[in-house]
Amino acid sequence: MTDLGDAMTSTVYCPDCHRPAVVLSRFSLDEATGPAEYLRIRCAGALTLLVTSDEAPPCEG
Ligand SMILES: [Zn+2]
């Protein structure tokens, strides 16, 4: 099953509890090491978390 109709909703793995988390928003910040993409996520274990996209890989399905 492929969900092509809901591109705005994406799911990643929470680096804290290693369960799927919903991406609330995403934005980029320039850091000393270069631009980094940040995700604000909400998972089952916390209200919201701010993580980098490296820390929270996309969740397939
Ligand atoms: Zn979590």
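Residues numbered from 1 in each chain as written. Predicted model: local features only at pLDDT ≥ 70, side-chain atom pairs only at ≥ 80, totals over all residues. Heavy atoms only, no water.

## Structural notes on the pairing of strand S4 (residues 49-52)
Now for step 1: As paired elements, strand S3 (residues 34-42) and S4 share 4 bridges and run antiparallel to each other. Counterpart to Leu39 in the pairing with S4 is Val51.
Now for step 2: Connecting S3 to the antiparallel partner S4 that follows it, the hairpin turn spans 6 residues. (Pairing = 2+ DSSP bridges. Helix = DSSP H or I, 4+ residues; strand = E, 2+ residues; numbered from the N terminus.)

## Structural notes on the coordination of the zinc ion
Now for step 1: Taken together, Cys14 (SG), Cys17 (SG) and Cys43 (SG) make up the protein donors of the zinc ion, found 2.2 to 2.3 Å from the metal.
Now for step 2: Binding-site remark: the zinc ion is held by donors from one chain whose sequence spacing is C-x2-C-x25-C. One end of the pair, Cys17, is in the loop between strand S1 (11-13) and strand S2 (20-31); the other, Cys43, is in the loop between S3 and S4, and 26 residues separate them in sequence. (Donors = N, O, S within 2.8 Å, 3.2 Å for Na, K, Ca; no water.)

## With respect to the sheet that holds S3
Now for step 1: Spatial ordering of the open sheet is given by S1-S2-S3-S4, a layout of 4 strands whose pairing is antiparallel. Two strands lie at the open edges of the sheet, namely S1 and S4, each paired on one side alone. Going from strand to strand, the sheet's axes swing by 45° on average, the running direction of each strand aside.
Now for step 2: In the sheet, S2 pairs with S3 via 9 bridges, with the strands oriented antiparallel. Each bridged residue has a counterpart across the sheet, and for Val22 the counterpart in S3 is Arg42. (Axes fitted to C-alpha atoms, helices over the stretch in contact; angles between N-to-C directions.)

## Describing the packing of aromatic side chains
Now for step 1: Tallied over the entire structure, the rule returns 1 aromatic pair.
Now for step 2: Judged by centre distance (5.9 Å) and plane angle (10°), the ring pair of Phe27 and Tyr38 falls under stacked. In this pair, Phe27 sits in strand S2 while Tyr38 sits in strand S3, placing the two residues 11 residues apart along the sequence.
Now for step 3: The exposure class assigned to Phe27 is partly exposed, which follows from its relative accessible area of 29%. (Phe/Tyr/Trp six-rings, centres within 6.5 Å; stacked < 30°, edge-to-face > 60°. Buried < 20%, exposed > 50% of the residue type's maximum accessible area, 1.4 Å probe, protein only.)

## Thoughts on the nonpolar core
Now for step 1: Counting residues in each nonpolar core, the largest one holds 9 residues, listed as Val12, Cys14, Ala21, Val23, Leu39, Ile41, Cys43, Val51 and Ala56.
Now for step 2: Of all the elements in the fold, those that place two or more residues in this core are S2 and S3.
Now for step 3: When neighbours within four sequence positions are excluded, Ala56 is seen to be in contact with Val12, Tyr13, Pro15, Leu39 and Val51. (Core = buried A, V, L, I, M, F, W, Y, C linked by side-chain atoms within 4.5 Å. Contact = heavy atoms within 4.5 Å.)

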